[in-house]
Amino acid sequence: MTREDKREIVVEYEQIRLIRKTANTRVLQCAQCSSETDFLALVTAAELFEIDTDELFSFLRLRRCHFRAGETVLICLRSLMRAIKDKQPTAQIKLLGEKK
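This one's a predicted model, so the numbers in the text were calculated from it and none came from an experiment.

A. Here's a closer look at the overall build of the protein. Along the backbone of the protein there are three helices and four strands. Secondary structure of the protein in N-to-C order comes out as β-β-α-α-β-β-α. Buried residues in the protein amount to 25% of all 100 residues.

B. Seen up close, helix α2 (residues 53-62). Taken together, the buried positions of α2 are occupied by Leu-56, Phe-59 and Leu-60. Each buried residue of α2 sits inside an arc of 100° when the element is viewed along its axis, so together they form one side. For α2, exposure combined with an orientation more than 90 degrees from the buried face picks out Asp-54, Arg-61 and Leu-62. Two to three positions downstream of the cap, the backbone nitrogen of Asp-54 sits 3.1 Å from a side-chain oxygen, assigning the N-cap of α2 to Asp-52.

C. Up close: the state of the cysteines. One pass over the full model with this rule turns up zero disulfides. Cys-33 carries a free sulfur, and the closest cysteine sulfur to it, the one in Cys-30, is 3.7 Å from it. Looking at Cys-33, the relative accessible area reads 18%, which means it is buried. Here Cys-65 is not disulfide-linked; the sulfur of Cys-76 is the nearest cysteine sulfur, at 8.2 Å.

D. Spotlight on the side chain of Thr-37. With respect to the secondary-structure elements, Thr-37 resides in strand β2 (residues 35-41). Residue Thr-37 is classed as buried on the basis of its relative accessible area of 8%. Among all residues touching Thr-37, those that are not within four sequence positions of it are Arg-26, Val-27, Leu-28, Cys-30, Cys-76 and Arg-78.

E. Representation of the nonpolar core in the model. In terms of nonpolar packing, the biggest core is built from 15 residues, with Leu-42, Leu-56, Leu-60, Ile-75 and Leu-80 touching the most fellow members. Elements represented by at least two residues in this core include exactly α1 (42-49), α2 and α3 (77-87). Among the elements that make up this core, the one with the highest residue count is α3 (five residues). Each residue touching Ile-75, except ones within four places of it in the same chain, is listed here: Asp-38, Phe-39, Leu-40, Leu-42, Ala-45, Leu-56, Leu-60, His-66, Phe-67 and Leu-80. Counting seven residues, the second largest nonpolar core, distinct from the first, contains Leu-28, Phe-39, Leu-74 and Cys-76.

F. Structural context of the packing of aromatic side chains. Applying the stated criterion to the full structure yields one aromatic pair. Where Phe-57 meets Phe-67, the ring centres are 5.1 Å apart and the plane angle is 70°; that geometry is what we call edge-to-face. Of this pair, Phe-57 sits in helix α2 while Phe-67 is found in strand β3 (residues 67-68), placing the two residues 10 residues apart along the sequence. When the ring centre of Phe-39 is taken as origin, the NZ or CZ atom of Arg-68, which lies over that ring, is 5.2 Å away.

About the thresholds
- Residues numbered from 1 in each chain as written.
- Predicted model: local features only at pLDDT ≥ 70, side-chain atom pairs only at ≥ 80, totals over all residues.
- Heavy atoms only, no water.
- Helix = DSSP H or I, 4+ residues; strand = E, 2+ residues; numbered from the N terminus.
- Buried < 20%, exposed > 50% of the residue type's maximum accessible area, 1.4 Å probe, protein only.
- Arc of directions from axis to C-beta.
- Polar contact = N/O pair within 3.5 Å; in protein donor to acceptor, adjacent residues only side chain to side chain.
- Disulfide = S-S within 2.5 Å.
- Contact = heavy atoms within 4.5 Å.
- Core = buried A, V, L, I, M, F, W, Y, C linked by side-chain atoms within 4.5 Å.
- Phe/Tyr/Trp six-rings, centres within 6.5 Å; stacked < 30°, edge-to-face > 60°.
- Lys NZ or Arg CZ within 6 Å of the ring centre and 35° of its normal.

The values are spatial; any link to function lies outside them.
Structure representation (structure tokens):
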């Protein structure tokens, strides 16, 4: 009689979802990028990414994203997207109209 071993396997899968949200930006000169780019308010970005503003601001500082502090904190969208891609190299995050 043969012995039967029971095994447990784990199956992981990844889903890709298209999430489309809109937000108002301001086109400003970014000193660090040396070009005009879209800037997004910190509060608006936190709402888009469904994250706490303090947590997002910590991410910005840790990843050295460009931002302007003033009455409202404005985030350079170009540097934010670059930081997200660097943190998750396999991420398929891109701005509409952005070329690969």
